[in-house]
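Spelled out from the first residue to the last, the chains are:
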Amino acid sequence: MRFRWTAYILAALLGSASLTSALELKNKTFSTANAGKVVFSHTSHLKKKNAKSANVGCKACHNGNMRENVRYTMADMDKGKSCGICHNGKKAFALAKCTVCHKVREITFKVKETGPVLFSHAKHLKTMQCGACHNKVFKAGPNKRVDMAQMERGKSCGACHNGKKTFALGECTKCHPVKEKSYKVADAGNVTFSHKLHIDMYKCRECHSRLYIPGSGNKTVSMAEMEAGKSCGACHDSKSAFTVKESCDKCHRT
Ligand code: HEC
Ligand code: HEC
Ligand code: HEC
Ligand code: HEC
Ligand code: HEC
Ligand code: HEC
Ligand code: HEC
Ligand code: HEC
Ligand code: HEC
């Protein structure tokens, strides 16, 4: 490494572009425990004649304020070390723009009973920083699964979604979105199943996955099967709700 370094610096001092580019400068990936990965690109920082690059010599970075293989914290950077030599809102974009350096992705929780829950980093980061969640509420990586009862006690999303800091867990469909489902039925008329109407009366788990998988993959059910208690017929049996044996047009409309 020391030997290579000497070669680089020599190249830079002598202005030997061919030697510098011959010894291609690698990207450096920093892995952090709480804040994902950061990729530093020599190429984009050293590009000449590009307004969007540092366009500087090696020593602008390779000096006492950024030592190789020394780990710096964001607090160090705020004091002008490492990336903070330039990323201070003057020479380059400020450290406050976390996601330009720390890549985050949108998260999908697979939930059998309700279908997928999407967690948007982007939407949350409009009003908060990484530290609001990492690592107090979530590790940056797969966490232990949490159920709604634990959330009610303040775990996971429930740390904030408690009706005080922001909307409460009672507003299920803000996190577990549902659609109206339409069934095309050639002869008897199409049927619309309304989640909106039914979730005022039932919890998700009273239908999912006991009666339906949330998502495609449910088999077509005949009226005869419904009369025997499948699908809508589990409730529309004249006891819990009007029966599938009658009032066809309450369900079959157009
Ligand atoms: C904008 C800042 C910046 C500039 C300018 C810069 N570097 Fe770097 N360089 C870095 C960072 C950050 C690292 C990673 C440091 C670490 O590993 O802790 C690095 C690492 C290196 C490494 C070790 C990488 C490896 O492959 O392990 C070499 C060699 C290097 N730089 C050479 C150069 C040379 C030669 C120049 C000038 C042509 C240059 N750098 C200009 C920021 C810079
Ligand atoms: C200019 C790029 C850049 C920006 C902007 C940036 N970071 Fe970092 N951050 C890094 C790099 C690089 C490291 C790893 C440094 C090392 O290991 O030497 C790091 C490390 C961290 C760490 C682990 C070290 C520590 O301080 O505990 C955390 C947490 C972190 N960043 C959070 C944030 C947050 C929150 C923001 C926004 C307020 C932010 N970062 C903005 C580049 C950046
Ligand atoms: C010598 C000054 C300097 C240093 C030190 C520096 N940068 Fe930059 N960086 C710039 C400039 C200038 C730009 C482009 C102007 C802008 O977007 O504000 C830039 C752009 C970037 C970009 C966006 C373009 C790209 O490469 O994708 C990232 C990401 C970035 N820097 C990360 C880092 C990280 C991480 C560090 C620390 C390891 C660092 N920079 C250190 C000057 C610097
Ligand atoms: C409002 C809360 C919240 C904030 C703020 C937040 N995160 Fe996350 N983050 C999460 C959740 C939730 C997960 C998913 C955890 C799981 O899969 O169990 C996650 C996962 C991650 C992961 C792992 C992703 C993967 O591929 O598995 C990384 C990396 C991460 N976050 C980085 C960040 C960084 C960097 C910031 C700030 C720029 C940030 N997060 C801000 C909630 C948050
Ligand atoms: C650190 C606090 C915090 C945590 C933890 C948190 N949220 Fe949020 N969430 C917020 C705030 C604040 C808003 C903004 C809501 C508003 O506009 O009042 C929000 C908004 C949302 C929205 C609406 C976004 C939109 O604008 O469309 C959804 C959906 C959401 N959160 C889901 C989740 C899920 C899922 C989790 C758990 C994986 C979670 N949140 C964890 C604070 C948090
Ligand atoms: C702030 C977002 C949010 C709200 C509001 C919310 N959930 Fe959840 N729910 C989640 C997330 C995220 C998971 C998956 C968590 C995990 O796997 O760690 C989940 C898991 C579940 C599960 C499977 C685990 C269990 O508890 O059995 C069910 C069922 C569920 N939610 C139903 C509901 C119902 C019903 C409501 C309304 C009373 C609701 N959720 C409100 C985010 C939310
Ligand atoms: C009264 C029964 C019932 C209840 C209660 C119910 N669902 Fe459904 N759900 C259905 C039916 C019927 C379908 C369509 C199944 C098919 O034929 O594919 C469906 C489909 C879905 C789908 C896949 C289609 C779509 O909308 O994207 C999701 C996701 C879903 N439900 C989520 C939920 C969630 C979350 C709750 C609780 C808030 C819930 N459901 C409560 C009956 C119900
Ligand atoms: C978990 C029980 C349950 C299941 C499963 C269920 N329903 Fe219902 N449904 C009810 C109850 C209870 C009512 C309201 C009481 C009533 O109207 O008899 C209702 C009301 C309705 C209504 C409102 C009728 C009106 O007054 O306009 C329609 C339409 C309907 N259901 C269609 C369906 C269809 C289609 C399915 C199957 C895809 C289905 N339901 C599955 C319990 C259920
Ligand atoms: C509670 C709502 C509901 C009621 C009441 C209802 N149906 Fe249906 N029906 C459906 C749904 C939903 C489907 C489509 C099921 C699927 O595709 O999985 C369907 C499918 C059908 C089909 C095509 C499948 C088959 O069995 O041949 C016919 C025909 C039909 N209904 C006739 C009727 C008649 C006639 C009545 C009245 C005696 C009736 N339905 C009452 C909801 C209802």
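Values in this document were obtained by computation on a predicted structure and should not be read as measured data.

Please explain the coordination of the iron atom of ligand 5 as it appears in this structure.
Six octahedral donors around a metal ideally subtend angles of 90 or 180 degrees, whereas four tetrahedral donors ideally subtend 109.5 degrees. Only H124 (NE2) and H161 (NE2) from the protein reach the iron atom of ligand 5 as donors, at distances of 2.0 Å. What the six donor atoms of the iron atom of ligand 5 show is an angle range of 85 to 180° at the metal, which sorts the shape as octahedral. In this pair, H124 sits in helix 6 (residues 121–125) while H161 sits in the loop between helix 7 (148–152) and helix 8 (172–175), placing the two residues 37 residues apart along the sequence. Relative accessible area serves as the criterion here: at 27%, H124 is assigned to the partly exposed category.

Can you help me understand the coordination of the iron atom of ligand 2 in this one?
Here the iron atom of ligand 2 is held by M74 (SD) and H102 (NE2), and the distances to it run 2.0 to 2.3 Å. The coordination sphere of the iron atom of ligand 2 comprises six donor atoms, whose angles at the metal cover 86 to 177°; the geometry is octahedral. Remark: H102 occurs in the loop between helix 5 (98–101) and strand 3 (107–109) and M74 occurs in helix 4 (residues 74–78); sequence separation between them is 28 residues. You can call H102 buried: its relative accessible area is 13%.

Can you walk me through the side chain of S82 in this structure?
Take S82: it is sitting in the loop between helix 4 and helix 5. Taking relative accessible area as the criterion, S82 reaches 6% and is therefore assigned buried.

Before we go on, may I ask you to explain the site of ligand 2 in this structure?
The immediate surroundings of ligand 2 are formed by 20 residues, with R71, M74, C98, C101 and H102 found nearest. Taking M74, its main chain carries an N or O atom lying 2.8 Å from an oxygen atom of ligand 2. Between ligand 2 and the protein, one listed contact pairs a nitrogen atom with a side-chain N or O atom of H102 at 2.8 Å. If you list the elements that add at least two residues to the shell around ligand 2, you get helix 4 and helix 5. Residue composition of the shell around ligand 2, by class: 13 nonpolar, five polar and two charged.

What exactly am I supposed to notice about the site of ligand 6 here?
The immediate surroundings of ligand 6 are formed by 21 residues, with R145, M148, C172, C175 and H176 found nearest. Here an oxygen atom of ligand 6 and a backbone polar atom of V146 are 2.9 Å apart. Residue assignment for the shell around ligand 6 shows that the elements contributing at least two residues are helix 7 and helix 8. Here the shell around ligand 6 is composed, by residue class, of twelve nonpolar, four polar and five charged.

Would you explain the pairing of strand 2 (residues 37–40) in this entry?
For a regular strand, side chains alternate in direction, first toward one face of the sheet and then toward the other. Where strand 1 (residues 28–31) meets strand 2, four bridges bridge the pair, whose relative direction is antiparallel. Note that in strand 2 the partner of S31 across the bridge is K37. If you look at the hairpin formed by strand 1 and strand 2, you'll find five residues sitting between the two strands, and G36 has a positive phi there, around 70°.

I keep staring at the environment of N34 and nothing clicks. Help me out?
Along the chain, N34 turns up in the loop between strand 1 and strand 2. Between the C-alpha atoms of N34 and A140, which are 106 residues apart in sequence, the distance is 5.6 Å. Excluding its chain neighbours within four sequence positions, the residues that come into contact with N34 are H134, N135 and A140.

Can you walk me through the environment of C204 in this structure?
Note on placement: C204 falls in the loop between helix 9 (195–199) and helix 10 (223–227). When sequence neighbours within four positions are dropped, the list of residues in contact with C204 reads E113 and T114.

Conventions used here
- Residues numbered from 1 in each chain as written.
- Chains lettered and ligands numbered in written order.
- Predicted model: local features only at pLDDT ≥ 70, side-chain atom pairs only at ≥ 80, totals over all residues.
- Heavy atoms only, no water.
- Donors = N, O, S within 2.8 Å, 3.2 Å for Na, K, Ca; no water.
- Tetrahedral: all angles 85-135°; square planar, octahedral: opposite > 155°, others 65-115°.
- Helix = DSSP H or I, 4+ residues; strand = E, 2+ residues; numbered from the N terminus.
- Buried < 20%, exposed > 50% of the residue type's maximum accessible area, 1.4 Å probe, protein only.
- Near = heavy atom within 4 Å.
- Polar contact = N/O pair within 3.5 Å; in protein donor to acceptor, adjacent residues only side chain to side chain.
- Nonpolar A, V, L, I, M, F, W, Y, C, P; charged D, E, K, R; others polar.
- Pairing = 2+ DSSP bridges.
- Contact = heavy atoms within 4.5 Å.

These figures come from the coordinates and say nothing about function on their own.
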